[in-house]
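# Coordinates in review
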Amino acid sequence: MSTPVVHLSHIRFGSDKKPVLDNLSLDVNAGHFMGIIGPNGAGKSTLLSIIAGLNKPSAGHIDLFGKCLNQNTRLKLSKDLGYLHQAQSKQPDIPLSVYDVVAMGLSSYNTSLFRYMLRNRKQEKEQVCHALDLVEMTAHQHADFRQLSGGQQQRVRLARALVREPKLLLLDEPSAALDSRHQEKLYQLLRKLCDEKGMTVLMVEHDIAAITSYVDSVACLNKNIHYHAKKGDTIPDEVWREMYGDHVNIVAHDASCIGCAPVSHSSDHEHHHD
Amino acid sequence: MIDFLSSFFSSPVMQAAFWPALLIAVLTSSMSMMVLAHRLSFLTVGVSHASLAGLGLAVTLSLPLLPTAAITAIIIALLLAAMPNRQGINEDTGTGVLFAGSMALGVILISNANSYEVDLFGLLFGNILTVSEQDSRWITWGSLFVLLSLIMWAKSWWSMAFDMVTAKASGIATARLRLILYGVMGLTVVMCVKLAGIVLTTGLLVLPAACAWFWGRSMFSLWALSLSFSLTGTFAGLMWSYQYDWPSGAAIILMLCVLFMLSWLSSWLKQQLSEV
């Protein structure tokens, strides 16, 4: 059996009395596309930040690409990792072209000025243009990043995460600010990257209905993984209720996607999945 | 005009001030980009005022002024860099506390020193025209160190300013580089004190890049523009100072403010015309 790209074992994060994550274990194999869902405060963003090495768990063990993630290995392992965090409400006020923002994702950018001057410009241009092409932003490459709309900025950030062709891509609500057309295109792109490039994707999303047709599995998170649904699985009623209380009702599904069992009670706030 | 320029450049005082003024102009144009990008304007105010404690210590203990002030400023800047990691105190509050505390210590130390040892006006408002050979040497070595730091880490600092979280995730040692940035900022502040004084130093570390911010579209274009504004402001300010016998630091800051207004006005006009 191949080594999982992500191996989490008994992860704990936060205070002992109120842990954000508690006894969380998870394995994700190469080429796998996983959606992570859960209520607000369930620890979804924290989980991604721990895998990205931004936060250190108070207990547990993390392996990335078969190597232990710690202070000494973090910088090296991050070379194969792309990370897109939640969109910020406060935008940076730095004059930068779209091209430069994407180029920042290359390791050749964040180096001394001497080495930067000697970089392979042709290769850089190819990589940046390819990443911009993936998110359909090539036409805006010379535009000032600050002048773009929220959705366009999000697509540029995604291009920045993709530009170094990472083996592992961590996305925290990447569809925020995207219109429905670009949301669908995003999921199609991620599916393609997993299938054709063997990229492993972990994506936090709130709208499970939008992702079920594209992902290989959905992890239901609320401090730990309550249920890990694969294609054709049904997420049981009690899992939904534990995550969202009574505010759920639903769902029809087939073997190509993930669904959940119908709930008989009524609710003011309903999530419909089909 | 030619007579004036000839007299300006042949003046022994101006000749002595030329090299340190040039170095500080280059230095501030580069560091001011980082000040604006990382929103460190208040930090530079805090560190420049806090350097009075270092100057007070130097006067009281008969230590060399600039090195003692530099060490104090670097320590204070590093303390401020460490602040966000301490629960309950943010950087803004920390700057306010250290700024007031160090300034108070500096005032008490200097007030107890023999008055002839301290050029208080020079400390507060700067005077590049009284730069000694030792000061000039210090400014030269300090500038080289700051410029070398910029060559090494400017690109990473730029990435961090754009998005600290992604920069960290992509493998930049953000915690270490942030400490270095603050330390280098502390050193730069102290070197600017000789030119603009404690009160006006922030102007040197904000205005050059602020002038360029309207026009630059990349780190390098901003750098080139910031350098042009800084050199123009510094030398035009020194000429003003020479012509009208004004304090050099105030004349330079005033000239940079004029350039900022012109830059802002031209940018606004350009925008209006493009909308017509």
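Refer to the preceding data block for the structure.
The paragraphs below set out a description of the structure included in this document. Because the structure is predicted, anything quoted here is derived from the model rather than measured. (Residues numbered from 1 in each chain as written. Chains lettered and ligands numbered in written order. Predicted model: local features only at pLDDT ≥ 70, side-chain atom pairs only at ≥ 80, totals over all residues. Heavy atoms only, no water.)

Glancing now at helix α5 (residues 121–134) of chain A. Residues and elements named next belong to chain A. Here α5 spans 20 Å end to end across 14 residues, near enough to the 20 Å set by a 1.5 Å rise per residue. Restricting attention to buried positions, one finds in α5 the residues E124, V128, C129, A131 and L132. Buried residues along α5 cover an arc of 160° about the axis, so they all sit on one side. Exposed residues pointing more than 90 degrees away from the buried face of α5 are listed as K122 and D133. Where the residues of α5 are buried, they touch α3 (98–103), α4 (113–117) and α6 (150–162). Measuring from the backbone nitrogen of K122 back to the side-chain oxygen at the start of α5 gives 3.2 Å, which picks out N120 as the cap. (Helix = DSSP H or I, 4+ residues; strand = E, 2+ residues; numbered from the N terminus. Expected span 1.5 Å × (residues − 1). Buried < 20%, exposed > 50% of the residue type's maximum accessible area, 1.4 Å probe, protein only. Arc of directions from axis to C-beta. Contact = heavy atoms within 4.5 Å. Polar contact = N/O pair within 3.5 Å; in protein donor to acceptor, adjacent residues only side chain to side chain.)

What follows covers the layout of surface pockets. It is a probe the size of a water molecule, rolled over the atoms, that shows where empty space is left. Its volume calculated, the largest pocket comes out at about 1400 Å³. M164(B), V165(B), K168(B), T174(B) and R178(B) are, among the 49 residues lining the largest pocket, the residues nearest its centre. Sorting the residues of the lining of the largest pocket by element identifies α1 (44–51), β4 (59–64) and α2 (74–77) of chain A together with α4 (65–82), α7 (133–162), α8 (164–169) and α9 (174–213) of chain B as the ones contributing at least two each. By residue number, the principal contributor to the lining of the largest pocket is α9(B), which donates 7 residues. Considered class by class, the residues forming the lining of the largest pocket number 26 nonpolar, 13 polar and 10 charged. (1 Å grid on protein atoms, 1.4 Å probe; cavity = no way out; pocket = protein on both sides within 12 Å on 5 of 7 lines; lining within 4 Å. Points joined across faces, edges and corners; volume = space filled by probe spheres on them. Nonpolar A, V, L, I, M, F, W, Y, C, P; charged D, E, K, R; others polar.)

Further remarks concern the interface of chain B and chain A. Taken together, the 29 residues of chain B in the interface contact 35 residues of chain A. A combined buried area of about 2900 Å² lies between chain B and chain A, and 61% of that area is made up of carbon and sulfur atoms. Applying the counting criterion to the chain B and chain A interface returns 1 salt bridge. Remark: the boundary between chain B and chain A carries 7 residue pairs in polar contact (both at pLDDT 80 or more). Taken together, the residues of the side of chain B that touches chain A sort by class into 17 nonpolar, 7 polar and 5 charged. (Buried area = accessible area lost by both parts, 1.4 Å probe. Salt bridge = Lys/Arg side-chain N within 4 Å of Asp/Glu carboxyl O.)

Next up on the list: empty space enclosed by the protein. Within this structure, the stated rule accounts for 1 cavity of 30 Å³ or more. In this structure, the largest cavity spans a volume of roughly 80 Å³. As for the largest cavity, its lining consists of L81(A), G82(A), Y83(A), G105(A), R160(A), A161(A), R164(A), T166(B), A169(B) and S170(B). Only β6 (81–84) and α6 of chain A together with α8 of chain B provide two or more residues apiece to the lining of the largest cavity.

Another aspect to go through is the nonpolar core. With 131 residues, the main nonpolar core has V201(A), M203(A), W158(B) and L204(B) as its most contacted residues. Considering every element that reaches this core, the biggest residue donor is α9(B), with 24 residues. In this structure V201(A) touches H32(A), F33(A), M34(A), L169(A), L171(A), L190(A) and C194(A), once residues within four positions along its chain are discounted. Residues I11(A), F13(A), L81(A) and L202(A) belong to the second largest nonpolar core, which totals 31 residues. (Core = buried A, V, L, I, M, F, W, Y, C linked by side-chain atoms within 4.5 Å.)

Now for the side chain of S48(B). Tracing the sequence through the fold places S48(B) in helix α3 (residues 41–60). Taking the relative accessible area as the measure of exposure, S48(B) reaches 0% and is therefore buried.

To continue, consider the packing of α3(B) against helix α5 (residues 91–112) of chain B. Residue and element names in this part refer to chain B. Orientation of α3 relative to α5, taken along the N-to-C sense of each, is 25°, at an axis distance of 7 Å. In terms of orientation, α3 and α5 fall into the roughly parallel class. Between α3 and α5 lies a crossing whose hand is left-handed. By residue class, the composition of the contact of α3 with α5 is 14 nonpolar, 8 polar and 2 charged. (Axes fitted to C-alpha atoms, helices over the stretch in contact; angles between N-to-C directions. Parallel < 35°, antiparallel > 145°, perpendicular 65-115°, else oblique. Left-handed = near helix turned anticlockwise from the far one by under 90°.)

Taken as a whole, this structure holds 15 aromatic pairs over all chains when the rule is applied. Between the aromatic rings of Y187(A) and Y214(A), the centroid separation amounts to 5.7 Å while the plane-to-plane angle is 40°, which identifies the pairing as tilted. With Y187(A) in helix α7 (residues 180–197) and Y214(A) in the loop between α8 (208–211) and β9 (217–222), this pair connects stretches of sequence that are 27 residues apart. For the pair formed by Y187(A) and Y214(A), the shared burial category is buried. For the ring pair W240(B) and W246(B), a centre distance of 5.4 Å and an interplane angle of 70° mean the geometry is edge-to-face. Look at W240(B) and you get partly exposed, because its relative accessible area is 25%. W246(B) sits in the partly exposed class, given a relative accessible area of 36%. The structure contains a cluster of three or more aromatic residues connected by ring pairs, namely F4(B), F8(B), F9(B), F18(B), F235(B) and Y242(B). The side chain of R119(A) reaches across the aromatic face of Y116(A), ending 3.8 Å from its centre. One residue, K167(A), lies across the ring of F65(A), its end atom 5.8 Å from the ring centre. (Phe/Tyr/Trp six-rings, centres within 6.5 Å; stacked < 30°, edge-to-face > 60°. Lys NZ or Arg CZ within 6 Å of the ring centre and 35° of its normal.)

This next bit is on the sheet that holds strand β10 (residues 224–230) of chain A. Strand pairing in a sheet takes place through backbone hydrogen bonds and is either antiparallel or parallel in direction. Residue and element names in this part refer to chain A. Across the sheet, 6 strands lie side by side as β6-β7-β8-β3-β9-β10; this open sheet has mixed pairing. Of all the strands in the sheet, just β6 and β10 have a single pairing partner and so form its edges. Within this sheet the neighbouring strands show an average axis-to-axis angle of 15°, counted without direction. Packing against the sheet, α1 makes contact with β3 (33–37), β6, β7 (168–172), β8 (200–204) and β9, and its axis sits at approximately 150° to β7. (Pairing = 2+ DSSP bridges.)

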